[in-house]
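Breakdown of the fold
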Amino acid sequence: MTGESCDFLTLIQNKGIISQQNNGMLVKFEKSERINPRWSVWLDQQLFYCPCCVFPSARSDPDEDPCGRTYCGRGRQCVLMAGTGRAECVCQEKCRPSFVPVCGSDGRFYENHCEVYRTACLERRRIYVVHSKDCFFKGSACTMSEYNKLKSMLLDMQPTVLKSGEQSQQRDMEEKRALVDTMFKYLDVNQDGRLISDELEKHLEDNLLECTMHDLLRYDDYNNDGHLSLHEFYTAFQVIQLSLAEDQRISLSVVTVGLSAVLTCAIQGTLRPPIIWKRNGIILNFLDLEDINDFGDDGSLYITKVTTIHMGNYSCHAYGYEDLYQTHVLQVNVPPVILVYPETQAQEPGVSASLHCYADSIPNPKLLWLKNGMDLQLSSSTQLSLIANGSELFISSVRYEDTGAYTCIAKNDVGVDEDISSLFVEDSAKKTRLSVGNMFYVFSDEGITVLQPNECEIRRHMKRTERIVATYEEMCPKGEGISPQRCVWSSAVNVRDKYIYVTQPLQSRLLVVDIQAQKVVQVDPFPVKMLYDKSHDQVWILTWGDMDKGHPTLQVIPQASVGEVHHAIRTTFQRVNDFFIPSTNLIITHVRFAFVFLKNEPAVHKIDLETFHRVKTISLKNYSCIPASMAYTHLSGFYFVQCQHKSLLHAPAQILIDSVTDAVIGLNLNVTGQAYVSPDGRYVVTPDPEGSKMIVQTVSFQGELSLNRVIDEPISVSDLVFQPSFTESNQHVVVATSGSGTDLLFADLSSGHVEVLRSLKEPLPPRAWPWGGPNRVVVSSGLFGQYLITPSVESLFVLNGKHRTSHCEVSDIKRANTVVWVGEV
């Protein structure tokens with residue numbers, strides 16, 4: 001060190017602010033800048049300035065560059081002295097060209113930070129950055145306020161263009177840019193594209209303001225080259241220039257589920273304001289979302305761990321300039337998930353056999369079959385055929401050589417999945433074909449009937465007077481005021497093909513039915529509705545308290561499929577009117593939230609299925625909508641809310657909620673009524689409550705909800721169920737019952753083709769079914785089953801959905817409006 005520096009160091013030592021020792025000298029330097037990891041010395045700019053401090057290394061390596069281990073600080077650089085070869089710090093010769101204007105504490109304007117510290121080194125005094133533009137005007141009568149007045153006056157002096165009636169910030173900026181262009185051309189006397197001092201000084205000589213035209217050059221010549229370019233002129237007058245290439249107005253992004261996505265806004269321009277992102281008209285920037293939680297400095301939108309709910313349109317625009325926007329269409333691809341049925345089957349020679357394969361994916365998968373690992377020779381076989389694009393492998397007459405392992409493979413652009421269905425051809429096959437599964441459990445006045453649909457065979461009948469094993473109570477004890485004695489059921493759910501939970505409102509209990517025995521779970525009075533949450537193995541129960549719904553409660557049975565003791569937990573929600581839990585499918589195997597509706601409240605309450613706590617309340621007050629039902633599609637994450645019909649006027653339209661933002665998007669066109677969503681989420685069917693038509697909407701793989709078709713048939717829909725198509729893969733058929741007539745409707749959602757099955761006898765009158773829900777249900781036999789069941793007043797109809805015919809009628813089963821399918825198909 002020099003003597004001067006050592007004297008300064010002594011002064012600091014006397015103040016007692018030394019922190020580290022290096023070669024006998026105690027030094028503390030600028031904050032946050034590490035000198036050398038061996039020394040662990042830190043610099044603190046606020047303490048002192050030492051431009052010529054040089055620290056020799058404790059251990060010298062002759063092959064090591066001395067400047068590599070010498071820190072000189074900002075504004076200085078290391079050089080090797082020609083005579084000694086030693087490293088010394090000198091002031092930096094020049095800075096890299098970059099324009100980040102700053103003010104120094106000396107009141108001078110600098111092009112960037114480097115110039116501040118370089119000047120400090122040259123002048124051997126402390127100069128630091130002042131983060132205020134007012135310092136540009138220190139010592140000048142031309143203050144920031146006066147300077148702004150000057151620029152405003154210059155703009156006002158220019159001829160204005162004709163304004164349209166409705167102004168926007170974008171149009172205002174275009175007008176301002178035109179004014180600045182006119183002014184620049186007027187001032188640029190020699191038309192060389194730049195303004196110099198002489199050109200500026202010719203104007204406004206008699207200006208009453210403290211600022212002159214020369215101050216434009218003084219304060220907005222950012223690169224200090226002595227003239228103003230048009231770009232600098234734009235910057236001085238805050239002219240924002242934004243542009244978006246025509247071919248980038250719409251951008252398609254494709255990402256695989258589970259990965260991250262980055263959407264970058266292509267809007268460019270000088271002084272571009274912050275980028276605003278929207279989804280379904282909802283601004284995302286200020287929402288605290290767990291999956292959309294990072295906005296980059298470049299205005300990009302980051303989505304972490306993308307799922308199918310994230311697909312859809314995202315728009316970006318600069319703040320205040322909504323007229324210029326870019327639309328990003330996000331498609332989320334999903335690799336195939338596959339199921340085959342049956343896993344194993346045994347058949348006798350000469351009979352037919354079917355092997356079914358179902359796969360769900362985005363985009364749609366291609367199906368192919370192998371036998372024992374080899375391609376099937378379909379072209380040379382008269383007995384093998386593929387149906388519905390490979391969804392079914394049909395063998396018309398099996399032979400012993402058809403025994404084998406048949407592999408169904410599903411492929412799409414992002415993945416592959418496969419599963420095996422085994423076929424055994426043997427003489428004794430009939431002895432192995434019986435199964436306790438694949439049955440309809442029908443709950444009627446007389447008790448419980450277990451029906452095998454293929455042969456229309458009643459496998460078991462549990463009468464109302466049978467005793468429950470656990471308690472020895474009658475299955476349907478006679479209640480007060482009921483004569484004659486009969487069973488009263490309202491709702492039933494299948495719990496993993498192990499149990500059936502069925503409500504008995506008048507007994508204020510649930511009956512738990514399994515293959516071997518029955519037991520009872522006591523719940524609050526009048527249990528009327530149940531849903532099974534497969535994700536958490538929970539049964540949710542809505543009880544009314546009495547027939548007038550005077551004391552409703554919401555209860556949950558945890559671990560519904562395990563253990564011998566089942567008990568109900570009462571939640572904290574009061575005045576519950578209804579609730580909704582989204583269903584699962586092959587792709588969506590876990591749901592996190594339920595939704596609760598309270599009496600006369602225009603809101604839906606989002607509930608955590610693990611903790612039963614309220615997560616959020618989504619208000620529908622702006623739409624005067626008291627929710628009556630909900631439906632959900634995992635494609636783009638739309639919730640469809642049916643509003644209560646409180647007057648004799650037209651029913652209110654459905655409300656759409658975005659599950660990504662939990663925000664109300666608005667009305668679902670003019671669609672009214674309860675929505676039903678197909679298992680794959682691709683179709684939304686809404687029967688019109690005031691007419692005979694059904695509105696069919698589709699959700700594309702890009703998350704776009706659009707009207708597909710209107711099915712107009714004379715049927716007032718009571719209940720509706722979806723069946724996979726038997727002729728096309730990844731398509732569905734709607735089956736709908738009439739609540740007032742004897743007709744049943746089949747409608748192909750892909751083609752719109754409709755068939756009506758008539759004369760199924762009269763349904764139960766609505767007044768005879770006071771528990772809510774449809775007065776004539778229709779229940780399907782699972783993903784691969786072709787049979788359906790629907791009741792009339794005193795009988796039961798089994799339907800063949802594949803052939804769209806009535807399969808059989810089972811008589812003497814009264815009021816059988818509670819039905820559950822149990823089986824692997």
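Reading the values: the criteria
- As a convention, each chain's residues are numbered from 1 in the sequence order in which they are written.
- Local features in a predicted model are, by the rule used here, given only for residues with pLDDT of at least 70; side-chain atom pairs are given and counted only at 80 or more, and totals for whole chains, interfaces and linings are based on all residues.
- Side-chain figures throughout are based on the complete set of non-hydrogen atoms in the structure, without hydrogens or water.
- Where helices and strands are cited, they refer to DSSP runs of H or I of at least four residues and of E of at least two residues respectively, numbered from the N terminus.
- Type-normalised accessible area, obtained with a 1.4 Å probe on protein chains alone, sets the label of each residue: buried when under 20%, exposed when over 50%, and partly exposed for intermediate values.
- We call two residues in contact when some of their heavy atoms are within 4.5 Å.
- Expected span, for any helix, means 1.5 Å times one less than how many residues it has.
- Summary of the metric used: pLDDT quantifies the predictor's per-residue confidence within the range 0 to 100.
- Cavity: a set of points on a 1 Å grid over the protein atoms alone where a 1.4 Å probe fits but cannot get out. Pocket: an open set with protein on both sides within 12 Å along at least five of seven lines, its lining residues, like those of a cavity, having an atom within 4 Å of a point.
- Grid points are joined across faces, edges and corners, and a volume is the space filled by probe spheres set on the points.
- The classification used treats Ala, Val, Leu, Ile, Met, Phe, Trp, Tyr, Cys and Pro as nonpolar, Asp, Glu, Lys and Arg as charged, and all other residues, Gly among them, as polar.
- Here a strand pair is declared whenever DSSP counts at least two bridges between the two strands.
- Geometry is summarised by axes, namely lines fitted to C-alpha atoms with helices restricted to the contacting stretch, and by angles between N-to-C directions that run from 0 to 180 degrees.
- Only one rule defines a salt bridge in this text: a Lys or Arg side-chain nitrogen within 4 Å of an Asp or Glu carboxyl oxygen.

A word on the environment of Glu-762
When you line up the elements, Glu-762 lands in the loop between strand 56 (754-757) and strand 57 (779-780). Judged by relative accessible area, which is 47%, Glu-762 ranks as partly exposed. Residues Glu-762 and Val-793, spaced 31 residues apart in sequence, show a C-alpha to C-alpha distance of 6.4 Å. Apart from residues lying up to four places away in sequence, Glu-762 is in contact with Ser-740, Thr-742, Arg-776, Ser-792 and Val-793.

A word on helix 3 (residues 144-156)
Along its 13 residues, helix 3 runs 18 Å from first to last C-alpha, staying within 8% of the 18 Å computed at 1.5 Å per residue. Along helix 3, the residues that are buried comprise Met-144, Glu-146, Tyr-147, Leu-150, Lys-151, Leu-154 and Leu-155.

Quick notes on the confidence of the model for the chain
Scored by pLDDT, the chain comes out at a mean of 84, with 85% of its residues at no less than 70. Ranking the helices and strands of the chain by mean pLDDT puts strand 49 (residues 676-677) first, with 98, and strand 4 (residues 42-43) last, with 32. In this model residues 1-60 is a low-confidence stretch, pLDDT under 50, and it forms 110 contacts with partners more than four residues away in sequence or in other chains. Low pLDDT (under 50) marks residues 431-436, which in the prediction has five contacts with non-local residues, meaning those over four places away or in another chain.

Remarks on unusual backbone geometry
A cis geometry characterises the amide bond from Tyr-341 onward to Pro-342, with omega recorded as -10°. By secondary structure assignment, the location of Pro-342 is in the loop between strand 21 (321-341) and strand 22 (344-347). In this structure, the amide linkage connecting Ile-362 to the following residue, Pro-363, adopts the cis form with an omega of -5°. As for its placement among the helices and strands, Pro-363 is situated in the loop between strand 23 (353-362) and strand 24 (366-371).

Topic: the layout of surface pockets
What the second largest pocket holds in volume is close to 830 Å³. Lining the second largest pocket are 29 residues, with Glu-290, Asp-291, Ile-309, Arg-592 and Phe-593 sitting closest to its centre. A per-class count over the lining of the second largest pocket returns 13 nonpolar, eight polar and eight charged.

Some words on the environment of Met-530
Mapped onto the secondary structure, Met-530 falls in strand 37 (residues 527-533). Expressed as a C-alpha distance, the spacing of Met-530 and Ser-490, which sit 40 residues apart in the sequence, is 9.1 Å. The residues touching Met-530, leaving out its near neighbours within four places in the chain, are Ser-491, Ala-492, Val-493, Tyr-501, Val-502, Thr-503, Leu-510, Val-539, Trp-540, Ile-541 and Phe-579.

As for the sheet that holds strand 30 (residues 439-444)
By definition, the strands of a sheet pair up through backbone hydrogen bonds, in either a parallel or an antiparallel sense. Judged by pairing direction, the sheet is antiparallel, and its four strands sit side by side in the order 32-31-30-61 without closing on themselves. Each edge of the open sheet is held by one strand with a lone partner, namely strand 32 (457-463) and strand 61 (818-822). The mean inter-strand angle of the sheet, taken between neighbouring strand axes irrespective of direction, is 20°. In terms of strand pairing, strand 30 meets strand 61 through five bridges, oriented antiparallel. Bridge pairing in strand 61 links Val-442 to Val-819.

Thoughts on the sheet that holds strand 56
Taken in spatial order, the four strands line up as 53-54-55-56 in an open sheet, and their pairing is antiparallel. Pairing within the sheet leaves two strands with one partner each, and these edge strands are strand 53 (717-724) and strand 56. Here the average twist between neighbouring strands, direction ignored, is 20°. Pairing geometry for strand 53 and strand 54 (residues 732-738), over seven bridges, is antiparallel.

Some words on the pattern of salt bridges
Counting across every chain of the model gives 25 salt bridges. Ionic pairing is found between Asp-662 and Lys-606, a salt bridge with its closest N-O pair at 2.7 Å. Pair noted here: Asp-662 is in the loop between strand 47 (653-658) and strand 48 (663-672) and Lys-606 is in strand 43 (residues 603-608), with a separation of 56 residues, a long-range link. For the pair formed by Asp-662 and Lys-606, the shared burial category is buried. Here Asp-680 and Arg-682 are joined by a salt bridge, their closest N and O atoms 3.7 Å apart. Exposure class is identical for Asp-680 and Arg-682. Each is buried. A network of salt bridges, in which partner residues are shared, links Asp-360, Asp-680 and Arg-682.

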